[in-house]
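This is what each chain is made of:
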Amino acid sequence: MLVAIIIHAIIQEYVLDKINRRMHFSKTKHSKFNESGQLSAFYLFACVWGTFILISENYIADPTILWRAYPHNLMTFQMKFFYISQLAYWLHAFPELYFQKTKKEDIPRQLVYIGLYLFHIAGAYLLNLNHLGLVLLVLHYFVEFLFHISRLFYFSNEKYQKGFSLWAVLFVLGRLLTLILSVLTVGFGLARAENQKLDFSTGNFNVLAVRIAVLASICITQAFMMWKFINFQLRRWREHSAFQAPAVKKKPTVTKGRSSRKGTENGVNGTLTSNVADSPRNRKEKSS
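Small disclaimer: the values here were computed from a predicted structure and weren't measured.

Here we take up the layout of surface pockets. By volume, the second largest pocket amounts to about 420 Å³. What lines the second largest pocket is a set of 17 residues, and nearest its centre among them are Ala4, Ile7, Phe42, Phe45 and Tyr89. Contributions of two or more residues to the lining of the second largest pocket are made by helix 1 (2–23), helix 2 (27–56) and helix 3 (77–99). When residues of the lining of the second largest pocket are assigned to their parent elements, the largest contribution, six residues, is made by helix 3. Within the lining of the second largest pocket, the residues separate by chemical class into 13 nonpolar, four polar and no charged.

Written out as structure tokens, the structure is:
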């Protein structure tokens with residue numbers, strides 16, 4: 001945690017603060033830029049590290065390793081260090097809420113996603129589902145990295161929208177892959193294992209109640225994320241349509257008709273011209 005706090009401060013002072021001084025962001029953009037800058041650096045590092053572990057331990061070539069020989073209570077050093085680093089990073093996010101002077105209205109949102117990360121990472125670690133947890137973390141971190149790096153580019157140039165479109169597609173695919181891998185591992189792989197007895201000494205939690213709880217927590221989390229994603233896309237669509245509405249309303253020639261009528265009645269730019277003043281009707285009124 002202390003190392004994570006120090007690295008967080010170094011990135012903030014020597015990278016993000018210098019960019020903020022050059023770009024002159026507003027307060028809202030300033031806080032969002034700092035958040036995306038810190039998270040994109042972490043997601044990139046964790047995704048590369050996790051991918052290296054997956055390749056070195058032959059996870060990609062043999063997917064059955066996700067449930068074969070459960071419980072996975074023996075871990076290599078880099079696997080154990082990866083999980084400890086993940087827990088340390090998300091635990092350090094609590095004091096960072098104070099150090100970064102986070103707004104009160106943003107604190108509940110951040111507490112929710114920090115709590116979800118800690119719950120799922122600690123659950124995978126304690127239930128000896130570290131193989132499945134590693135695959136799902138790498139998949140999730142890659143999608144989140146794409147979102148935050150796209151937001152950084154968007155802050156530098158608001159015309160940049162392609163990254164969000166790609167992220168939207170990969171986000172939905174990521175949720176589907178998460179559900180498929182979870183059901184395949186927990187619902188089919190572990191359900192067909194021979195040893196299905198609860199044993200704390202060997203770390204075996206392969207019983208029906210635990211499997212249902214694991215699948216339920218994953219499904220509820222994915223549904224919650226999809227709900228937030230749909231609300232985010234609807235809000236973007238409304239903002240985009242509201243932004244285009246004034247431009248569409250300016251096109252009709254209502255203002256031209258009014259100005260032309262005004263010009264015929266009151267002369268040019270609303271002033272009385274000599275032709276209007278000297279019209280036969282006005283002369284008749286003068287003579288009377």
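A separate point is empty space enclosed by the protein. Within the structure shown, the criterion is met by one cavity of 30 Å³ or more. In this structure, the largest cavity occupies an estimated 50 Å³ of space. Forming the walls of the largest cavity are Tyr70, Leu127, Leu129, Val186, Leu190, Phe205, Asn206, Val210, Arg211 and Val214.

Applying the stated criterion to the full structure yields 31 aromatic pairs. Plain terms: the ring middles of Phe42 and Tyr89 are 3.7 Å apart, the flat faces sit at 5° to each other, and that makes the pair stacked. Placement of Phe42 in helix 2 and of Tyr89 in helix 3 is noted, with a sequence separation of 47 residues between them. For the pair Phe147 and Phe232, a centre-to-centre distance of 6.1 Å together with 80° between the ring planes defines the contact as edge-to-face. Placement of Phe147 in helix 5 (residues 130–156) and of Phe232 in helix 7 (residues 208–249) is noted, with a sequence separation of 85 residues between them. For Phe147, a relative accessible area of 12% gives the class buried. With a relative accessible area of 21%, Phe232 lands in the partly exposed category. The rings of Phe25, Phe33, Phe147, Tyr154, Phe155, Phe164, Trp167, Phe171, Phe229 and Phe232 are connected pair by pair, giving a single aromatic cluster. Directly above the aromatic system of Phe171 lies the positively charged group of Arg175, at a separation of 4.7 Å from the ring centroid.

Another point: a nonpolar patch on the surface. Among the surface-exposed residues, Ile6, Ile10, Tyr14, Val15, Ile19 and Met23 lie close enough to one another that they form a single nonpolar patch of about 540 Å² accessible area. Relative to the assigned elements, Ile10 resides in helix 1. By relative accessible area, which is 44% here, Ile10 ends up partly exposed.

Attention now moves to the nonpolar core. Membership of the largest hydrophobic core comes to 40 residues, with the highest contact counts inside it found for Tyr43, Trp90, Leu134 and Tyr141. When residues of this core are traced back to their parent elements, those giving at least two are helix 2, helix 3, helix 4 (107–126), helix 5, helix 6 (162–189) and helix 7. If you look at the next biggest cluster of nonpolar residues, it comprises nine residues, including Phe147, Trp167, Met225 and Phe229.

Turning our eyes to something else, we now look at unusual backbone geometry. Backbone torsion omega between Tyr70 and Pro71 reads 10°, so that peptide bond is classified as cis. On the secondary structure map, Pro71 appears in the loop between helix 2 and helix 3. For His24, which is not a glycine, the phi torsion comes out positive at approximately 55°. Relative to the helices and strands, His24 is located in the loop between helix 1 and helix 2. With a phi close to 60°, Asn128 is a non-glycine residue in the positive phi region.

Conventions and cut-offs
- The numbering scheme is per chain: residues are counted from 1 as the chain's sequence reads.
- Reporting in this predicted model follows two pLDDT cut-offs: at least 70 for local features of residues, and 80 or more for side-chain atom pairs to be given and counted; totals over whole chains, interfaces and linings ignore these cut-offs and use all residues.
- Only hydrogens and water are removed before side-chain values are computed, so all heavy atoms of the structure are retained for them.
- Only protein atoms enter the 1 Å grid used here. Points where a 1.4 Å probe fits but cannot escape make up a cavity, open sets with protein on both sides within 12 Å along at least five of seven lines make up a pocket, and a residue lines them when an atom lies within 4 Å of a point.
- Grid points are joined across faces, edges and corners, and a volume is the space filled by probe spheres set on the points.
- Here a strand is any run of E in DSSP of at least two residues, a helix any run of H or I of at least four, and the numbering for each starts at the N terminus.
- Polarity classes work like this: nonpolar for Ala, Val, Leu, Ile, Met, Phe, Trp, Tyr, Cys and Pro, charged for Asp, Glu, Lys and Arg, and polar for all others, with Gly in that last group.
- Centre distance within 6.5 Å is the pairing criterion for rings of Phe, Tyr and Trp, where only the six-membered ring of Trp is used; planes under 30 degrees apart are then read as stacked, over 60 as edge-to-face, and the remainder as tilted.
- Relative accessibility under 20% of the residue-type maximum defines a buried residue, over 50% an exposed one, and the middle range a partly exposed one, all with a 1.4 Å probe and only protein chains included.
- Only Lys NZ and Arg CZ are tested; either one counts as a charge over a ring when it is within 6 Å of the ring centre and within 35 degrees of the ring normal.
- A patch consists of residues exposed above 30% relative accessible area that lack any salt bridge, with like charges linked at up to 9 Å and nonpolar side chains (Val, Leu, Ile, Met, Phe, Trp, Tyr) linked at up to 5 Å.
- Note on areas: these come from Shrake-Rupley sampling with a 1.4 Å probe, and a residue is covered only by the protein chains present in the view.
- By salt bridge we mean one thing: a side-chain nitrogen of Lys or Arg within 4 Å of a carboxyl oxygen of Asp or Glu.
- The set of buried Ala, Val, Leu, Ile, Met, Phe, Trp, Tyr and Cys residues whose side-chain atoms join them within 4.5 Å is what this entry labels a nonpolar core.

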